[in-house]
Amino acid sequence: VIAKYEAAVVALEEMLTLKRYSWRTIKSYKNTLRQFIMYYNQTKPSQITRKQINSYILKLIQDKHITESYQNQIACSIKIFYCEVVNQAEKVEGLVQAKKPQKIPQVLTDSEVTRLLKCVENLKHRCILMLIYSAGLRLGELTKLRLTDIQADEHRIFVRDGKGKKDRCTILAGKTETLLRSYLACYRPVHWLFEGADGGAYSDRSVQAIFTKAKERSKINPLATVHTLRHSFATHLLEKGVDLRYIQELLGHESSKTTEIYTHITKKS
């Protein structure tokens, strides 16, 4: 559905593109701004008041029971629009950000990880899950890996353009490297480490499907997601006595506060 003032959404997209935001963030900010503008479809966006902005967010909390992170995403897109696009920063000054609950992430035990990997017979699929776990990768980082990012001589993986547009290096574990060699000899990818049927990069959805199937077959924690492998990587390293600062580097966390969440999970702490 096209909003009456769709030009506002286009203007936001241009601003975010100039600021070099990721396509994923641009897509979600455009969607949230479009919903907001359509809610006040007869009012020009520059004439919408602060009271109306608050009323809109309040209505979504009460009627749609939106999450804290989605509320903050809406507030961010509105804020950038009024600050950067229409130069009405005073309108969104001090716009309320929801306090996020401090949830402890789901983590698999060592034996659950082993069970999960053992039940995956397809070499490529096993390689994908093993790489995510043993290198602590995010899903989008795994699918963006190129052949040249595997630096086997240094036993490391170069992660390009991770969250927050940061590059980093993480570990290439010995067992993973052995499996990876078998995979490369068998599949012979050309550019991307894991290629889809069309030769392009493997899709995030395909990886999620592989994980879900393996999770059901191995009967591990039903609440686990692909990202649980990354959490498990960090927790297992901490339990083995690896320094928190080093784990922070491997995960690519900007703040040590983010990495400290794993201290709440480990038996050691």
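That block above? That's the structure.
All of these numbers come straight from a predicted model, not from anything done at the bench.

J.: An account of the packing of aromatic side chains is requested, with residue identities and associated values reported.
T.: Evaluated as defined, the whole model comprises eight aromatic pairs. Taken together, a centroid distance of 5.9 Å and an interplanar angle of 80° make the contact between F36 and Y40 edge-to-face. Clustering of aromatic rings is evident, with ring pairs tying together F36, Y39, Y40 and Y56.

J.: So what's going on with the side chain of N72? Residues and values would help.
T.: Assignment of secondary structure puts N72 in helix α4 (residues 68-85). Setting aside residues no more than four positions away along its own chain, N72 makes contact with Q97, A98 and K100.

J.: Residue-level account of the side chain of E141, with values.
T.: Here E141 shows up in helix α7 (residues 139-143). Here the side chain of E141 touches R138 through a polar contact of 2.6 Å, side chain to side chain. Look past the residues within four positions of E141 in its chain and what remains in contact with it is V159, G162, K163, R168 and R230.

J.: Tell me what's going on with the pairing of strand β2 (residues 156-159), and back it up with residues and numbers.
T.: Judged by which residues are buried, β2 turns out to be one-sided: I157 and V159 face inward and are buried, whereas R156 and F158, on the alternate face, are not. Relative to β2, strand β1 (residues 150-151) is paired through two bridges, and the arrangement is antiparallel. Within β2, the position partnered with Q151 by the bridge is R156. As paired elements, β2 and strand β3 (residues 168-171) share four bridges and run antiparallel to each other. Along β3, the bridge assignment pairs R156 with I171.

J.: Account for the sheet that holds β2, with residues named and values stated.
T.: Strand order in the open sheet made by the three strands is β1-β2-β3, with antiparallel pairing throughout. What marks the edges here is a single partner per strand, and that holds for β1 and β3.

J.: An account of helix α3 (residues 50-64) is requested, with residue identities and associated values reported.
T.: In this model, α3 (15 residues) spans 21 Å end to end at C-alpha, consistent with the 21 Å of a helix rising 1.5 Å per residue. Turning to α3, its buried residues are I53, Y56, I57 and L60. One face of α3 carries all of its buried residues, which in axial projection span an arc of 90°. In α3, the exposed positions angled more than 90 degrees off the buried face are occupied by K51 and Q62. Buried residues in α3 make contact with α2 (23-39) and α4. Positive phi shows up at H65, right after α3, with a value of about 50°.

J.: Can you break down the state of the cysteines residue by residue, with the values?
T.: Taken as a whole and judged by the stated rule, the model has zero disulfides. Free of any disulfide, C119 has its nearest neighbouring cysteine sulfur in C127, separated by 15 Å. Among the residues examined, C119 registers a relative accessible area of 15% and is labelled buried. With no disulfide of its own, C186 lies closest to C127 among cysteine sulfurs, the gap being 10 Å.

Calculation rules
- Residues numbered from 1 in each chain as written.
- Predicted model: local features only at pLDDT ≥ 70, side-chain atom pairs only at ≥ 80, totals over all residues.
- Heavy atoms only, no water.
- Phe/Tyr/Trp six-rings, centres within 6.5 Å; stacked < 30°, edge-to-face > 60°.
- Helix = DSSP H or I, 4+ residues; strand = E, 2+ residues; numbered from the N terminus.
- Contact = heavy atoms within 4.5 Å.
- Polar contact = N/O pair within 3.5 Å; in protein donor to acceptor, adjacent residues only side chain to side chain.
- Buried < 20%, exposed > 50% of the residue type's maximum accessible area, 1.4 Å probe, protein only.
- Pairing = 2+ DSSP bridges.
- Expected span 1.5 Å × (residues − 1).
- Arc of directions from axis to C-beta.
- Disulfide = S-S within 2.5 Å.

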